[in-house]
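Chain by chain, the residues run as shown.
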Amino acid sequence: MNTVDRVKAEHDVVSRDEWLAARKRLLTKEKELTHLHDRLCAERRELPWVHVDKRYVFEGADGKVTLADLFDGRSQLIVQHFMFGPGWKEGCVGCSFAVDHIESALVHIEHHDVSFVAVSRAPFPEIEAFRQRMGWCFRWVSSNGSDFNYDYQVSCRKEDLAQGKAYYNYEVCESEMEELPGTSVFYRDTSGTLFHTYSAYARGDESVLTTYALLDMTPKGRNEIGPNFNLTDWVRHHDRYGDEGFVDSTGRFVAARGSSVESLEQRDDARIHQGVRAG
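Residues numbered from 1 in each chain as written. Predicted model: local features only at pLDDT ≥ 70, side-chain atom pairs only at ≥ 80, totals over all residues. Heavy atoms only, no water.

A. Spotlight on the overall build of the chain. Looking only at helices and strands, the chain features nine helices and 12 strands. Principal-axis analysis of the C-alpha atoms gives the chain an extent of 65 × 55 × 40 Å. Counting every position in the chain, which comprises 279 residues, the buried fraction comes to 38%. Put simply, of all contacts in the chain between residues at least 6 apart along the chain, 58% involve residues at least 24 apart. About 16800 Å² of surface is accessible on the chain, with carbon and sulfur atoms providing 53% of the total. In the chain, which carries 34 positive and 45 negative side-chain charges, the distance between the mean positions of the two groups comes to 2 Å. (Helix = DSSP H or I, 4+ residues; strand = E, 2+ residues; numbered from the N terminus. Buried < 20%, exposed > 50% of the residue type's maximum accessible area, 1.4 Å probe, protein only. Contact = heavy atoms within 4.5 Å. Areas by Shrake-Rupley, 256 points an atom, 1.4 Å probe, with all protein chains shown as cover. Lys, Arg positive; Asp, Glu negative; His and termini not counted. Charge placed at Lys NZ, Arg CZ, Asp CG, Glu CD.)

Here it is, written out as structure tokens:
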């Protein structure tokens, strides 16, 4: 039985009146969830803040910039902790999936007192080469050489990796990943003082994925049926769909051996390293 027939076989087929009654029962639960979400968002905004007293310096298209500079004249800043470590050929597939959604929202949030920036530990030339390849316009800076990623629990030091442990999502857990995803939010008051107001990790920032919101309305849903039972089963960089390969446990795309993609990666790798040396 193919997937289409299996999905159909698992569901009752009823009259329009029976369907309407079932739909109204579900609508009641949907409204409850909407109101619960509204209350949760209000509680999030009421969380206490933490004064950011450390001076973080990043490297971007305009050279060295501070965390305060990243606000770009606005009072609120969303930071996407983008998994892209030094020496990686390209950024994490899941993080790339997330910023594909954010890119289209920038014009709206920037006109509502919110700035956005992606931050990764990879050197800026590596970041910029990948950003240009993907056609993204959002601001992306390197935190290489600073404590920023470590202080916000999205990068693991070598000594922690050696023990197979990481402090992530507000608890110590088993991990062998040097980079981890997340989102942090900051506020700048009129005196220029910075505050950390919120951070979310793992599935905590899944709400930006409108693709999932659309899939959740369909009969097959997210249809992540293995082998990993998450987005790595099917999501690829938006220029990789149709290419042979897979996404490994660290969120990185691995091209099939001998494929044209592998040859292109080797070429791009050489170009990136030339840029790093030139920088």
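B. Broad picture of the packing of aromatic side chains. This structure, assessed with the given rule, holds 22 aromatic pairs. Note on Phe 82 and Trp 140: the rings are 4.4 Å apart at their centroids and 40 degrees apart in plane angle, and the pair reads as tilted. Here the residue Phe 82 occupies a position in the loop between strand E4 (76-81) and helix H3 (93-103), and Trp 140 occupies one in strand E6 (residues 139-142), the gap between them amounting to 58 residues. We note that Phe 82, like Trp 140, is buried. One residue, Arg 157, lies across the ring of Tyr 150, its end atom 3.9 Å from the ring centre. Sitting over the ring of Trp 88, Arg 252 keeps its end group 3.9 Å from the ring centre. (Phe/Tyr/Trp six-rings, centres within 6.5 Å; stacked < 30°, edge-to-face > 60°. Lys NZ or Arg CZ within 6 Å of the ring centre and 35° of its normal.)

C. Highlighting the pattern of salt bridges. Across all of its chains, the model carries 15 salt bridges by this definition. As a salt-bridge pair, Arg 23 and Glu 30 come within 3.0 Å of each other at their nearest N and O atoms. On the basis of relative accessibility, which here comes to 33%, the residue Glu 30 falls in the partly exposed class. (Salt bridge = Lys/Arg side-chain N within 4 Å of Asp/Glu carboxyl O.)

D. Looking closely at unusual backbone geometry. Residue Pro 227 is bonded to the preceding Gly 226 through a cis peptide linkage, with omega at 10 degrees. Although it is not a glycine, Gln 153 adopts a positive phi angle of roughly 55 degrees. As for its position among the elements, Gln 153 is in the loop between helix H6 (148-151) and helix H7 (158-163). Of note, the phi angle at Ala 202 is positive, near 55 degrees, even though the residue is not glycine. Tracing the sequence through the fold places Ala 202 in the loop between strand E10 (194-201) and helix H8 (210-215).

E. Inspection of the pairing of E6 at higher detail. Sheet analysis places strand E5 (residues 114-120) next to E6, joined by four bridges and oriented parallel. Along E6, the bridge assignment pairs Val 119 with Val 141. Chirality of the crossover, the property in question, places the unit of E5, helix H5 (residues 124-134) and E6 among those that are right-handed. (Pairing = 2+ DSSP bridges. Right-handed = clockwise from strand over helix to strand, strands pointing away.)

Just geometry here; none of it tells us what the structure is for.
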